[in-house]
Amino acid sequence: MPALALESREIGVTQRLGPADSKAFEPIDQLLLILPKRPPAALWHSIPQGNKLRALLKKRPAGETPAFQTRLSNKRQTLVVAGKIAGDAEVFEQLTFARKLVAAATTEKAGSLGILVAGFSDEQQHALCNAAVAAALAAAFNLPEFKNKTTAEKIKRIRLLGLNSKVDLSRSIAESKGNNLARWLTALPPNKLDAKNYADFLKDLATKHGWQYKKFDTKALKKLGAGAFLAVAQGNDNDSASIVRLRYRPASSKAAPALSLVGKGIIFDTGGTNLKPFASMLDMHGDMQGSAVAVGTLLAISELKLPLAVDAWLAITENRTGPNAYKSQDVITAANGKTIQTIHTDAEGRMVLADTLTFASRDKPKLMIDYATLTGAVINAITTRYSGVFTNRSDWHPRLKRTGRVCGERVWPFPIGKEFLEDLESDTADIQQCSAKGSADHILAGSFLAEFVENDTPWVHVDLAASNHKGGLAHVPTEVTGFGVRFTISLILDEKLLKAEH
Ligand SMILES: [Zn+2]
């Protein structure tokens, strides 16, 4: 029995074509009724108890979500939660709207959640159904808890009603599995998700999904000269830190990765020798969210069976204080031979990522993406609603922004490059880890990381400002957002960044 086991409850999703008559409503406990800003009069004749619903909607001020709640006079006393949205609303708005409706519908005991999107074009209906399903699957998932009395499940099954044609939900379902996994790992207490359990869990997950698993332990990393990673790991009280590589290889693909995902997996960040104060350290078990997003993305890709060879590289260690912990002014040799003058031990993320990016880029993927809760500076710059993106292909900036808009996980690009390295000039080593002054640290961190990418590998660095957002973000109802899975799938499938490299 593995130490960590992911909840395996799957929520069934069914679809019903044809008009939403009273028979279609019979098995529904809670119904999300999604309407356009100005519902056509004919719409009300096609819905059971339509006149009653229409009257309720008329009484309510515009723009509120939900617009109203009521119960139908049927056997189940179906709770109707209705909301209005423009057919051409941005995806982020659709997802946020869906989250609010689902939240209102799931305040009561678990049941069969119906979704009726009426009065839109087929294309809009399908998009809104996908948004509602994404929100429902995120809400239905329970984050880990260790209470003797566990929280009751919120949604038992999902039924789409009143469809003209079948909706393709495969992507929303795969993305939700990836996002749920990322959030679940992030929410685990740090004594449960220690470095050993994390690697063991990944090994089990790899077996379950037919991925290859390889663990580079500290001994192997010493041989590879991964001094930057090991500088952080040397402060641990045991030897369980590692870099784990997972490989997804569909039958048709070649051995070399087309896509490499890299994640920062600091399972607890005390700040190290330059210790964090209490409030800043409190939630630092979540400093591994980048690695969780990389794994979650790999899971979504694997569930979708994308014909793409993908690697995930996860840098897993704590950042601790102690007699062996690294210090300011240490000089460290990274795996690519560059020497680093350490400045602040709390800038450990860029240390562990430096070597991991070197290893991942040596396999020459066509695209490499890393995810990290890396800097506070990026949150100062854009709040926790967006994440920051950085790339060594600056002509991609408009494409990255567009992808964020298209998928609802929004990003904002920042510049990186050699000119910023002036701020990281060192007297004792090739480069400083960070600047002691600390302005625009997100840009300096990205510029630092670029120095460890080999073979001019096309690379995107995601500084996860939106990893945690109070009250949830887009369709996700929890403060931990798992931001990045949807963005990456959209980068591959919508923006087709892998195909149109230039
Ligand atoms: Zn830190």
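Residues numbered from 1 in each chain as written. Predicted model: local features only at pLDDT ≥ 70, side-chain atom pairs only at ≥ 80, totals over all residues.

Things to note about the overall build of the chain
Then, in step 1: When its secondary structure is counted, the chain shows 16 helices and 17 strands.
Then, in step 2: The C-alpha extent of the chain, read off along each of the three principal axes, is 80 × 50 × 50 Å.
Then, in step 3: Counting only residues that meet the buried cut, the chain has 52% of its 502 residues in that class.
Then, in step 4: Counting only contacts in the chain whose residues sit at least 6 apart along the sequence, the fraction spanning at least 24 positions is 79%. (Helix = DSSP H or I, 4+ residues; strand = E, 2+ residues; numbered from the N terminus. Buried ≥ 20, exposed ≤ 12 C-beta atoms within 10 Å, placed from the backbone. Contact = placed C-beta atoms within 7 Å.)

What to know about the packing of helix H5 (residues 122–140) against helix H6 (residues 170–187)
Then, in step 1: Between H5 and H6, whose axes approach to 10 Å, the crossing angle comes to 30°. Comparing the axis directions of H5 and H6 gives the class roughly parallel. In this structure, H5 crosses over H6, and the sense of that crossing is right-handed. On H6, the residues touching Asn 130, Val 133, Ala 134, Leu 137 and Ala 138 of H5 are Ser 172, Ile 173, Ser 176 and Asn 179.
Then, in step 2: When the residues that make up the contact of H5 with H6 are grouped by side-chain class, the tally is five nonpolar, four polar and no charged. (Axes fitted to C-alpha atoms, helices over the stretch in contact; angles between N-to-C directions. Parallel < 35°, antiparallel > 145°, perpendicular 65-115°, else oblique. Left-handed = near helix turned anticlockwise from the far one by under 90°. Nonpolar A, V, L, I, M, F, W, Y, C, P; charged D, E, K, R; others polar.)

What to know about the domain arrangement of the chain
Then, in step 1: Domain boundaries in the chain define domain 1 (12–161) and domain 2 (174–493).
Then, in step 2: For domain 1 versus domain 2, the separation of C-alpha centres amounts to 37 Å.
Then, in step 3: Taken together, the contact between domain 1 and domain 2 spans 17 residues of the former and 18 residues of the latter.
Then, in step 4: Where the side of domain 1 that touches domain 2 is concerned, the elements lending two or more residues are helix H4 (91–105) and H5. (Domains from an automatic or database assignment.)

A word on the sheet that holds strand S12 (residues 339–341)
Then, in step 1: If you walk across this open sheet you meet the three strands as S11-S12-S16, and the pairing is mixed. At either end of the open sheet lies a strand with only one pairing partner, and these are strand S11 (331–333) and strand S16 (431–432).
Then, in step 2: Of the pairings in the sheet, the one linking S12 to S16 comprises two bridges and is parallel in character. Paired with Gln 341 across the two strands is Gln 432, which belongs to S16. (Pairing = 2+ DSSP bridges.)

Some remarks on helix H15 (residues 441–450)
Residues spaced three or four apart along an α-helix point in a common direction, a consequence of the helix completing one turn every 3.6 residues.
Then, in step 1: By the criterion of burial, H15 is predominantly enclosed, with nine of the 10 residues buried.
Then, in step 2: Among the residues of H15, those classed as buried are Asp 441, His 442, Ile 443, Leu 444, Ala 445, Gly 446, Ser 447, Phe 448 and Leu 449.

Some thoughts on the nonpolar core
Soluble globular proteins tend to bury their nonpolar side chains together.
Then, in step 1: One finds Leu 32, Ala 132, Ala 136 and Phe 229 to be the most contacted residues of the largest nonpolar core, which totals 163 residues.
Then, in step 2: If you tally residues by element for this core, the top one is H5, at 12 residues.
Then, in step 3: Two domains each provide a minimum of three residues to this core, namely domain 1 (12–161) and domain 2 (174–493).
Then, in step 4: Excluding its chain neighbours within four sequence positions, the residues that come into contact with Ala 132 are Leu 32, Ile 34, Ala 98 and Ile 115. (Core = buried A, V, L, I, M, F, W, Y, C linked by C-beta atoms within 7 Å.)

Structural notes on the packing of helix H11 (residues 289–303) against helix H16 (residues 485–493)
Then, in step 1: Between H11 and H16, the least distance of the axes is 9 Å, while the angle of their chain directions is 50°. Classified by the angle between their axes, H11 and H16 sit oblique to one another. Between H11 and H16 lies a crossing whose hand is right-handed. Where H11 approaches H16, its residues Val 293, Gly 296, Thr 297 and Ala 300 are matched on the opposing element by Val 485, Thr 488 and Ile 489.

Concerning the sheet that holds strand S7 (residues 212–217)
Then, in step 1: The mixed open sheet is built from eight strands, whose spatial order is S7-S8-S10-S9-S13-S17-S14-S15. Since the sheet does not close on itself, it has two edges, and those belong to S7 and strand S15 (411–413), each with one partner. Along the sheet, successive strands turn relative to each other by an average axial angle of 20°, direction set aside.
Then, in step 2: Pairing geometry for strand S9 (residues 259–269) and strand S10 (residues 310–319), over nine bridges, is parallel. Opposite Ser 260, over in S10, you have Asp 311 as the bridge partner.

So, the environment of Ser 176
Then, in step 1: Along the polypeptide, Ser 176 turns up in helix H6.
Then, in step 2: In sequence terms Ser 176 and Arg 486 are 310 residues apart; their C-alpha atoms lie 8.5 Å from each other.
Then, in step 3: Ignoring anything within four residues of it in the chain, the contact list for Ser 176 reads Ala 134, Leu 137 and Ala 138.

Section: the pairing of strand S8 (residues 242–248)
Then, in step 1: Of all seven residues in S8, six are buried, a share of seventy percent or more.
Then, in step 2: Of the strand pairs in this sheet, S7 and S8 are connected by six bridges, and their pairing is antiparallel. Paired with Phe 216 across the bridge in S8 is Ile 243.
Then, in step 3: Note: S8 against S10, seven bridges, orientation antiparallel. Pairing of Ile 243 across the sheet is with Ala 315, part of S10.

Here we look at unusual backbone geometry
Then, in step 1: Omega for the bond connecting Thr 65 with Pro 66 falls within 30 degrees of zero, at -5°, which places this linkage in the cis form.
Then, in step 2: One can find Pro 66 in the loop between helix H3 (50–59) and strand S3 (68–71).
Then, in step 3: Here Lys 364, not a glycine, exhibits a phi torsion of approximately 50°, which is positive.
Then, in step 4: Within the secondary structure, Lys 364 sits in the loop between helix H12 (348–362) and strand S13 (367–372).
Then, in step 5: Positioned with a positive phi, Ala 440 is a non-glycine residue whose angle comes to about 50°.
Then, in step 6: Locating Ala 440 in the fold gives a position in the loop between S16 and H15.

A short note on the environment of His 461
Then, in step 1: Checked against the element boundaries, His 461 lands in strand S17 (residues 459–463).
Then, in step 2: In this structure the C-alpha to C-alpha distance between His 461 and Val 389, which are 72 residues apart in sequence, comes to 5.6 Å.
Then, in step 3: Residue contacts for His 461: discarding those within four places in its chain leaves Asp 370, Phe 390, Thr 391, Gly 446 and Leu 449.

Some words on the environment of Pro 66
Then, in step 1: With 19 C-beta atoms counted inside 10 Å, the residue Pro 66 sits in the partly exposed group.
Then, in step 2: As a C-alpha pair, Pro 66 and Leu 101 span 35 residues in sequence and 5.8 Å in three-dimensional space.

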